Amino acid sequence: MTTKMLFIVLAALFYSADSGTTCCKDGWLPYSGSCYMFYDEHKVDWNEAVTYCRNRNSQLVSIETAHESTFLKSFARKLFKAAPPGKNSSSERNVTAFWLGASDTDIEGLWKWVSTDEEVSYTEWDLLSSKPQPNNDPDNKEDCLALNGAYDFNWHDGLCEERLGYPLCEIRTDDGNSMQVIG
Ligand SMILES: [Ca+2]
Ligand SMILES: [Ca+2]
Ligand SMILES: [Ca+2]
């Protein structure tokens, strides 16, 4: 088990003890009716990330609210520390991204969550970047959504077929799907 995996497990235990309502499998983080797992062993492409989560009885994460976003971003920041000022290029965070479960593959500019087939309504696109997102570069081919560590885990569109990110999986525990709930 890597140090980060150990951190996730310990954090999950802490949050579980604190949560009371959401019950998650070992190592999954409970928050407001869902369980989450940050997998950071191997970077994968977006379709591999979708499959990775489905094979673990979960979905590539959908972010519907500012609260959910804040929780996930702050946890990602704890997992991957920024470099001290002036050493930004060597930061582990700089080369880290997590895939989110949305794409605009079917209709350019129309972002949909794969878990629900619903349109993405809440967004945190990185608008302050020198290339405001989504920018659909290069050659109008960026159709998959990611939390980009190089930009403080704000939303970037990225190339679906590139192994750019880690899977971030979510299990909804408040939608009556008791098969996915342990405990
Ligand atoms: Ca969600
Ligand atoms: Ca696109
Ligand atoms: Ca982009």
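Residues numbered from 1 in each chain as written. Chains lettered and ligands numbered in written order. Predicted model: local features only at pLDDT ≥ 70, side-chain atom pairs only at ≥ 80, totals over all residues.

### Thoughts on the environment of Ala102
Mapping Ala102 onto the fold places it in strand β4 (residues 97–103). What makes Ala102 buried here is the crowd of 27 C-beta atoms within 10 Å. For the pair formed by Ala102 and Asp157, sequence separation is 55 residues and the distance between their alpha carbons is 9.6 Å. Aside from chain neighbours lying at most four places away, what touches Ala102 is Ser62, Trp111, Lys112, Trp113, Val114, Val120 and Leu145. (Helix = DSSP H or I, 4+ residues; strand = E, 2+ residues; numbered from the N terminus. Buried ≥ 20, exposed ≤ 12 C-beta atoms within 10 Å, placed from the backbone. Contact = placed C-beta atoms within 7 Å.)

### Considering the nonpolar core
Tyr36, Phe38, Phe98 and Leu100 are the most contacted members of the largest nonpolar core, which has 42 residues in total. Sorting the residues of this core by element identifies α1 (3–19), β2 (34–38), α2 (46–54), α3 (66–79), β4, β6 (142–148) and β8 (166–172) as the ones contributing at least two each. In contact with Tyr36, not counting residues within four places along its chain, are Trp28, Leu29, Tyr31, Val61, Leu72, Leu168, Cys169 and Glu170. (Core = buried A, V, L, I, M, F, W, Y, C linked by C-beta atoms within 7 Å.)

### Examining α3
Between its first and last C-alpha atoms α3 spans 20 Å; for 14 residues at 1.5 Å apiece the expected length is 20 Å, and the two agree. Turning to α3, its buried residues number three or more, namely Leu72, Phe75, Ala76 and Leu79. The arc that holds the buried residues of α3, viewed along the axis, is 100°, so those residues lie on one side. The exposed set on the far side of α3, more than 90 degrees from its buried face, consists of Ala66, His67 and Ser74. (Expected span 1.5 Å × (residues − 1). Arc of directions from axis to C-beta.)

These results come straight from atomic positions and should not be treated as a statement about function.
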